[in-house]
Amino acid sequence: MDYFHLLDCTFLYFMLHLIHSFFIGNEGIKVGREFNELFDQWSHTYDDTVTGNDPEYEEVFTHYDVILSEVAKNASGTVVEFGVGTGNLTKKLLNRGLNIYGLEPSSEMRKIAKDKLPEVPIWDGDFLEFPNISVPIHTFVSTYAFHHLTDEEKGKAIKKYSQLLTADGRILFADTVFATEDEKKKMIEWAKRKGFNRLATDIETEYYTTIPVLQTIFNQNDFSVEFKKLNRFVWLIDAKRQNC
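Residues numbered from 1 in each chain as written. Predicted model: local features only at pLDDT ≥ 70, side-chain atom pairs only at ≥ 80, totals over all residues. Heavy atoms only, no water.

Engineer: Please give an account of the packing of aromatic side chains that cites residues and values.
Structural biologist: On inspection of all chains with the given rule, the structure shows 17 aromatic pairs. An angle of 55° between the planes, with centres 6.4 Å apart, marks the rings of Trp190 and Phe233 as tilted. Here Phe233 lies in the loop between strand 6 (223–229) and strand 7 (234–241) and Trp190 lies in helix 8 (residues 181–193), a separation of 43 residues in the sequence. Here the two residues Trp190 and Phe233 agree in accessibility, since each one is buried. Aromatic rings pair up to connect Phe82, Phe127, Phe130, Phe140, Phe146, Tyr161 and Phe173 into one cluster. When the ring centre of Phe130 is taken as reference, the NZ or CZ atom of Lys160 above it lies at 4.4 Å. Directly above the ring of Trp190 sits Arg232, whose terminal nitrogen or CZ lies 4.1 Å from the centroid. (Phe/Tyr/Trp six-rings, centres within 6.5 Å; stacked < 30°, edge-to-face > 60°. Helix = DSSP H or I, 4+ residues; strand = E, 2+ residues; numbered from the N terminus. Buried < 20%, exposed > 50% of the residue type's maximum accessible area, 1.4 Å probe, protein only. Lys NZ or Arg CZ within 6 Å of the ring centre and 35° of its normal.)

Engineer: Lay out the environment of Asp124 in plain terms, naming residues and giving numbers.
Structural biologist: Structurally, the position occupied by Asp124 is in the loop between strand 3 (122–123) and strand 4 (137–143). By relative accessible area, which is 40% here, Asp124 ends up partly exposed. As for Asp124 and Ser107, which are separated by 17 residues in sequence, their C-alpha atoms are 7.5 Å apart.

Engineer: Now, about unusual backbone geometry: what can you tell me, with residues and values included?
Structural biologist: Positive phi, normally seen in glycine, also occurs at Tyr144, with a value near 55°. Within the secondary structure layout, Tyr144 lies in the loop between strand 4 and helix 7 (151–164). The class of Tyr144 is buried, set by a relative accessible area of 11%. Located in the positive-phi region is Asp222, a residue other than glycine, with phi close to 65°.

None of the figures reported here should be taken as evidence of function without further support.
What follows is the structure in structure tokens.
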């Protein structure tokens, strides 16, 4: 990544967090698709970011390809992917011969993913609002995206998925999660000491949650759930429907 490319990424992160702070500071305004324009711009440099070319986020995306593979290898049947982005996970799912429906709210991200993978249906949609899928769904997957929902919205989403999945259905999400609130605070302090101010602001203002919160959400909706740490930030969330 050249100097001006890095400046573009820095500006996008700054604007993202500025707008995010405005929206979460005003009651009654739903956080979600207000970021679409910024993600549209980020779409052209996204793949550079995830491959470790931004030092500030290098540890967040450490073992990126392994993380995607961990999700893909455990998926089965008909798969719905939230936050397709530029199609990196989608390609791995396709290579396994799975039946995939992709959902992505950013029009530019969708365009890039469709150009890469024209054989995959990729629609406008997000974790809570998406077109009806008229076939049985065996797996919901996502990477680096579930934190865009508040904990309350996460609960609503998991409840919805529990009603849409087959009896043996599964949710496989990989995202930044913290073991405890104290661990989250320590990570923010570490980022500030390193001079990683964008990362610190990201952790402070996005809806990164903790394992106990997720454990409760999944259990309340009749899922068993396991957590596997994949790098310093990212955990695999592996939830299976319990036969009641």
